[in-house]
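Chain and residue survey
Here is how the chains run, residue by residue.
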Amino acid sequence: MGRSIKSFRTATFLEVLDVGDSVVMPGIVDCHVHVNEPGRASWEGFWTATRAAAAGGVTTIVDMPLNSIPPTTTVGNFHEKLQAATGKCFVDTAFWGGVIPDNQLELRPMIQAGVAGFKCFLIHSGVEEFPHVTDRDLHAAMAQLQGTGSVLLFHAERDVEQTTQENGDPCQYSTFLQSRPDVMEMEAIRTVAELCLQYQVRCHIVHLSSAKPLELIQEARQAGAPLTVETTHHYLSLCAENIPAGATQFKCCPPIRGSVNQEQLWSALKAGQIDMVVSDHSPCTPDLKKLDNGDFTEAWGGISSLQFGLPLFWSSASKRGFQLSDVVRLLCQRTAQLSSLHNQKGHLGPGYDADLVVWDPEREFEIKEASIHHKNKLTPYLGVTLRGVVCATIVRGQLVYREGSFCPQPLGKHLFVPPRKSEAQL
């Protein structure tokens, strides 16, 4: 493929890219990515994150409001993040704002400034500068968001009274898993559903790991709640039974659960009860993973997978009867809709950005450290063989990645969501 393109320097000319039998589909829109710049660029930065995205066929990312310092919780902080990202993005990048205690009067100005929506935590976020919200904070934020058409994303876990003893071996994954039971997601999602129905503000549950709240979500939707939900590649690809002792690269919150739960997530995805699949790329420096002592209770919770979302999904989904059209719906269209980018991203058609991924769904490859473009290479997928090789990535008609090589300069741009009136549910 690509014999008619001699180099990236020809990008301003009319070109024909002969891709043979490869699949050509809309570029992936990954709407759950923690880039961490400014402030924690040693964890990940815009240059490395967006190169990894391009290598994975991702043409648009939406950056989370944490774990950067400062977090994207004010207009001023948003401008700091934009400045940090300028000239460093190989793919197009939009931005979520954040809801924290007492910042409700910042929300409408941030909407005017072009954020795609907002995220909040119902439990400790893991970083001090992004505190979780109380019920009072939530009501104040929802009142501000009414009528804006914006969306509020929830990390949906809540602290509950533990019935099990917390004195297990911290190096055993089961000890960590028991500390984050399904009921934490159930109780949080109950709160989200009630708020969503009451205020009729679009709400979205990020990284659903437990299948148990699915019935609650369905009931809320049937009652008229504009509520959507995502799951991630790690909940669909990894299961608790296979996590070795001390393997803290598998730790994330909410946790990877058992194989029975995993199959329930796949069934819900097929039935349309889960709307989309994202990476929740949340890297850190290797020391924070505590691999030296293998303590799951101390290790940072987050999994790096931005570059590998497409083959991770396809390797499992293709065995369960999912088609290429499902890949486009779950990884491109629905994620673009959530981020209010659906008028330009996630679809091949007149008037849309020419964002394309060219890939071979039959070819297999092994994830090796040398081929990982994330800043930090630690990932639970190291050594795993996947199906689906990205051959080329095109952003707005410009070739940004091909067979291991990148365009010499970043060609991505910042995406600002124009303020809008209330929109219907996805």
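A short tour of the structure in this document, coming up. This is a predicted model, so every value here is computed, not measured.

Core analysis: the largest hydrophobic core is formed by 100 residues, its most contacted members being Met25 and Phe313. Take this core: its biggest share by element is seven residues, from helix H6 (residues 182–199). When neighbours within four sequence positions are excluded, Phe313 is seen to be in contact with His233, Leu236, Trp266, Leu269, Val277, Phe322, Val327, Leu330 and Leu331.

The next subject is unusual backbone geometry. In the segment running from Glu37 into Pro38, the intervening peptide bond is cis, with an omega of 5 degrees. A cis amide bond links Ile69 to the next residue, Pro70, at an omega of 5 degrees. With respect to the helices and strands, Pro70 occurs in the loop between strand S3 (58–63) and helix H2 (75–85). Non-glycine residue His207 carries a positive phi angle of around 30 degrees. Along the polypeptide, His207 turns up in the loop between strand S8 (202–205) and helix H7 (214–222). A positive phi angle, near 55 degrees, is found at Ser340, a position not held by glycine. Here Ser340 lies in the loop between helix H11 (324–338) and strand S11 (356–366). The class for Ser340 is buried, based on a relative accessible area of 11%.

Taken as a whole and judged by the stated rule, the model has 15 aromatic pairs. In textbook terms, an aromatic cluster arises when at least three aromatic residues are bridged by ring pairs, as seen for Phe46, Phe78, Phe95 and Phe416. The positively charged end of Arg51 is found above the aromatic ring belonging to Phe90, 5.4 Å away from the centroid. The ring of Phe406 carries Arg51 above its face, with NZ or CZ at 4.0 Å from the centroid.

Procedures and definitions
Residues numbered from 1 in each chain as written. Predicted model: local features only at pLDDT ≥ 70, side-chain atom pairs only at ≥ 80, totals over all residues. Heavy atoms only, no water. Core = buried A, V, L, I, M, F, W, Y, C linked by side-chain atoms within 4.5 Å. Buried < 20%, exposed > 50% of the residue type's maximum accessible area, 1.4 Å probe, protein only. Helix = DSSP H or I, 4+ residues; strand = E, 2+ residues; numbered from the N terminus. Contact = heavy atoms within 4.5 Å. Phe/Tyr/Trp six-rings, centres within 6.5 Å; stacked < 30°, edge-to-face > 60°. Lys NZ or Arg CZ within 6 Å of the ring centre and 35° of its normal.

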